[in-house]
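Listed here are the chains, written in short residue letters.
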Amino acid sequence: MADGQGNAEFRSGFVCFVGRPNTGKSTLTNALVGQKIAITSSRPQTTRHTIRGIVHRDHAQLILVDTPGLHRPRTLLGQRLNDLVRDTYSEVDVITLCVPADEKIGPGDKWIVAQIKQMAPKTTVLGVVTKIDKVGRDQIAEQLLALSNLLGPDADVVPVSAVKGEQIEVLVDVIASKMPEGPAFYPDGELTDEPEETLMAELIREAALEGVRDELPHSLAVVIEEILPYEEREDMLDVHAILYVERPSQKSIIIGKGGARLKEVGTNARHQIEHILGTRIYLNLHVKVAKDWQRDPKQLGKLGF
């Protein structure tokens, strides 16, 4: 049976993808789930929330936990993100280390593996070589061998291209084989258990980070203030969101000349949110300065960290 009830072979469990920033973790999550739920961005440290994607197959259900990248923390926010990762490592059934095919394995990867072994010595670890569409066969083989050496002889290693959809089902089968037998955790058709507000905030944040200079990623937080029925049309929602930055200079970057950039951010985010919610929305965006919020425990709490 497809729902896993009454089928002894059905397996289900939790898996998280780890790796240095920009190794393709969020893109892989979206490819496996089949819909965009984790934010993807070309810059490090964009994922802030543990977004669970749910992969439904006839023989298994995988719940993907997308953690922020583990890194050496420099701020209180960084420390809290790392704590979030540590909690996740110890609670999942499988940890999957992502390494891109087009970058040599370096100290960052070794540091992450050491952290995993220290924090979750009993958890099954797999290796995934991502972005195989970017390199030739020899380089893929070389990277598979290097990753295998890093993780040890018992770890399975799978090459994938999330963008092209290559080897995605192979990866599903390998991860599923490591899961305990048991029924599905979620009903068929559910893709995530994250609240809609969290997904909306992440999509607005992603749109705001697109094509902006490097000083912004850590400094931007998005809070959904309220979601109301839209007065003029019953089939629409009125969404109010605030984008918090740390400095006035960052505020002007996000707003852009004559408000042009903020308008663009709103349009891009609105399309993504409407796609996920399946309903039209009116998106109200405001930008506010919350000075040094990353280092202030009170403000971190207020912004949801």
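Since we're looking at a predicted model, the values are computed, not measured. (Residues numbered from 1 in each chain as written. Predicted model: local features only at pLDDT ≥ 70, side-chain atom pairs only at ≥ 80, totals over all residues. Heavy atoms only, no water.)

K.L.:
Got a minute to help me understand the overall build of the protein in this structure?
P.N.:
Scanning the protein for helices and strands turns up 9 helices and 9 strands. The burial tally for the protein puts 51% of its 305 residues in the buried class. Within the protein, contacts between residues separated by at least 24 positions form 71% of all contacts whose residues are at least 6 apart in sequence. Looking at the protein as shown, the accessible area adds up to about 14500 Å², and 50% of this sits on carbon and sulfur atoms. (Helix = DSSP H or I, 4+ residues; strand = E, 2+ residues; numbered from the N terminus. Buried < 20%, exposed > 50% of the residue type's maximum accessible area, 1.4 Å probe, protein only. Contact = heavy atoms within 4.5 Å. Areas by Shrake-Rupley, 256 points an atom, 1.4 Å probe, with all protein chains shown as cover.)

K.L.:
What's the story with the sheet that holds strand β8 (residues 236-245) in this structure? I'm lost.
P.N.:
Across a sheet, strands are paired by hydrogen bonds formed along the backbone, either parallel or antiparallel in direction. The mixed open sheet is built from 3 strands, whose spatial order is β7-β8-β9. A single partner strand is all that each edge strand has here, and the edge strands are β7 (221-229) and β9 (280-289). Within this sheet the neighbouring strands show an average axis-to-axis angle of 20 degrees, counted without direction. Sheet topology note: the β8/β9 ladder contains 10 bridges and is parallel. Opposite isoleucine 242, over in β9, you have histidine 286 as the bridge partner. Contacts between helix α6 (residues 196-209) and the sheet are confined to β7, β8 and β9, with β7 contributing the most and set at about 125 degrees to the helix. Those strands touched by helix α7 (residues 248-255) are β8 and β9, and its axis lies near 155 degrees from that of β9. (Pairing = 2+ DSSP bridges. Axes fitted to C-alpha atoms, helices over the stretch in contact; angles between N-to-C directions.)

K.L.:
Whenever I open this one, the nonpolar core confuses me. Can you help?
P.N.:
It is characteristic of soluble globular proteins that their nonpolar side chains tend to be buried jointly. Judged by nonpolar contacts, the single largest core of 28 residues is most densely connected at Val18, Tyr89, Ile95, Leu97 and Leu147. In terms of nonpolar packing, the next biggest core, distinct from the first, is built from 23 residues, Ala201, Leu209, Val222 and Val245 among them. (Core = buried A, V, L, I, M, F, W, Y, C linked by side-chain atoms within 4.5 Å.)

K.L.:
What am I meant to see in the pairing of β8 here?
P.N.:
The side chains of a regular strand alternate between both faces of the sheet. Across the 10 residues of β8, 9 count as buried, placing the element largely inside the fold. The sheet contact formed by β7 and β8 spans 8 bridges and is antiparallel. Looking at β8, one finds that alanine 221 is bridged to tyrosine 244.

K.L.:
How do you make sense of the pattern of salt bridges when you look at a structure like this?
P.N.:
Where charged atoms from two side chains of opposite charge come close, those side chains can pair. Within this structure, the stated rule accounts for 8 salt bridges. For glutamate 103, the salt bridge identified is with arginine 20, shortest N-O distance 3.0 Å. Taken together, the residues glutamate 103 in the loop between β4 (94-100) and α3 (107-119) and arginine 20 in the loop between β1 (11-18) and α1 (25-33) connect sequence positions 83 residues apart. Residue glutamate 103 is classed as partly exposed on the basis of its relative accessible area, which comes to 32%. Accessibility expressed as a relative area gives 18% for arginine 20, which makes it buried. Residue arginine 57 pairs with glutamate 169 through a salt bridge whose shortest N-O separation is 2.7 Å. Taken as a pair, arginine 57 in the loop between β2 (51-56) and β3 (60-66) and glutamate 169 in helix α5 (residues 168-177) lie far apart in primary sequence, 112 residues in all. Judged by relative accessible area, glutamate 169 falls into the partly exposed class, the value being 40%. (Salt bridge = Lys/Arg side-chain N within 4 Å of Asp/Glu carboxyl O.)

K.L.:
What should I look at first to understand α7 in this one?
P.N.:
For an α-helix the count is 3.6 residues per turn, leaving residues at separations of three or four pointing the same way. Those residues of α7 lying buried are Gln250, Ile253 and Ile254. Taken down its axis, α7 places every buried residue within 95 degrees of arc, on the same side. Buried positions along α7 lie against β8, α8 (260-277) and β9. Glycine 256 sits one or two residues past α7 and shows a positive phi near 75 degrees. (Arc of directions from axis to C-beta.)

K.L.:
Help me understand the packing of aromatic side chains, please; the structure alone is not making it clear to me.
P.N.:
Remark: the centre distance and the inter-plane angle together describe each pair of aromatic rings, the angle taken between the planes. Following the criterion strictly, the structure yields 1 aromatic pair and no others. Pairing phenylalanine 14 with phenylalanine 185 gives two aromatic rings, centres 5.0 Å apart and planes at 65 degrees, and the pair type is edge-to-face. Separated by 171 residues along the polypeptide, phenylalanine 14 in strand β1 and phenylalanine 185 in the loop between α5 and α6 bring together distant segments of the chain. (Phe/Tyr/Trp six-rings, centres within 6.5 Å; stacked < 30°, edge-to-face > 60°.)

K.L.:
Even after reading the chapter, I still don't get the environment of phenylalanine 185, so can you show me in this structure?
P.N.:
For phenylalanine 185, a relative accessible area of 48% translates into the label partly exposed. Taking the C-alpha atoms as reference points, phenylalanine 185 and phenylalanine 14, separated by 171 residues in sequence, lie 9.9 Å from one another. Ignoring any residue separated from it by four or fewer positions in sequence, one finds phenylalanine 185 in contact with Ser12, Gly13, Phe14, Gln61 and Ile63.

K.L.:
For this particular structure, what's the right way to read the confidence of the model for the protein?
P.N.:
Residues shown with low pLDDT carry predicted positions that ought not to be read at fine detail. Across the protein, the average pLDDT comes to 82, with 81% of residues at 70 or higher. Within the protein, strand β6 (residues 157-159) carries the highest mean pLDDT (96), whereas helix α2 (residues 76-91) carries the lowest (71). pLDDT under 50 marks residues 1-7. Its contacts with residues more than four places away, or in other chains, come to 11 contacts. The low-confidence segment residues 45-49 (pLDDT under 50) makes 33 contacts with residues lying over four places distant or belonging to another chain. (pLDDT = per-residue confidence, 0-100.)

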